[in-house]
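# Inside the fold
Read off the chains here:
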Amino acid sequence: TQPGTEVCFDRGDGVQIMVTVPESLQEGNAFYVTPPAMMVKVPDNGAAGMQIAFRSCSELEETAVWFGLTLPEGCQPGKYVTAKLPHPRKRDGLRALKSQAWEWKSQAMKEINEIKAGSLQLLWQLQRTTF
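Here we summarise the structure given alongside this text.

The rules behind these values
Residues numbered from 1 in each chain as written. Predicted model: local features only at pLDDT ≥ 70, side-chain atom pairs only at ≥ 80, totals over all residues. Heavy atoms only, no water. Helix = DSSP H or I, 4+ residues; strand = E, 2+ residues; numbered from the N terminus. Buried < 20%, exposed > 50% of the residue type's maximum accessible area, 1.4 Å probe, protein only. Contact = heavy atoms within 4.5 Å. Polar contact = N/O pair within 3.5 Å; in protein donor to acceptor, adjacent residues only side chain to side chain.

### Some thoughts on the overall build of the chain
- Tallying secondary structure elements over the chain gives one helix and six strands in all.
- Its helices and strands in sequence order give the chain the pattern β-β-β-β-β-β-α, from N to C terminus.
- The buried share of the chain, taken over its 131 residues, is 19%.
- For the chain, long-range pairs separated by at least 24 residues make up 45% of all intrachain contacts whose partners lie at least 6 apart in sequence.

What follows is the structure in structure tokens.
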């Protein structure tokens, strides 16, 4: 295979990866191909079987690509696990995951604000009450 040409590898799970042979190589040279993966820190409350969402780290939050991961057996909060990334053509479904994550965040913030408002109302009432 000549430098600059594309080579196709079967990943073993039915997905094929296409890579370009680096221009700096000559016939007989080898090169390494790393699978598309990221290291993801297990959340403080993380446990095996929990589904989490994480985003690509090299982009702004507004344009980031979001991914989902089911935490594997043996994972520990604060430690890292390897997340195999999906094929780029299969990432469209992850837009829904990002949307769901934002919905969860919005709902959680709404509940926190309601609790704060209720606490402030109670504090106000206690301050006006004489014992």
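### A look at the environment of N29
- For N29, the location among the structural elements is in the loop between β2 (16-20) and β3 (37-41).
- Among the residues examined, N29 registers a relative accessible area of 45% and is labelled partly exposed.
- Engagement of the side chain of N29 in a polar contact is seen with the backbone nitrogen of Q26, the distance being 2.6 Å.

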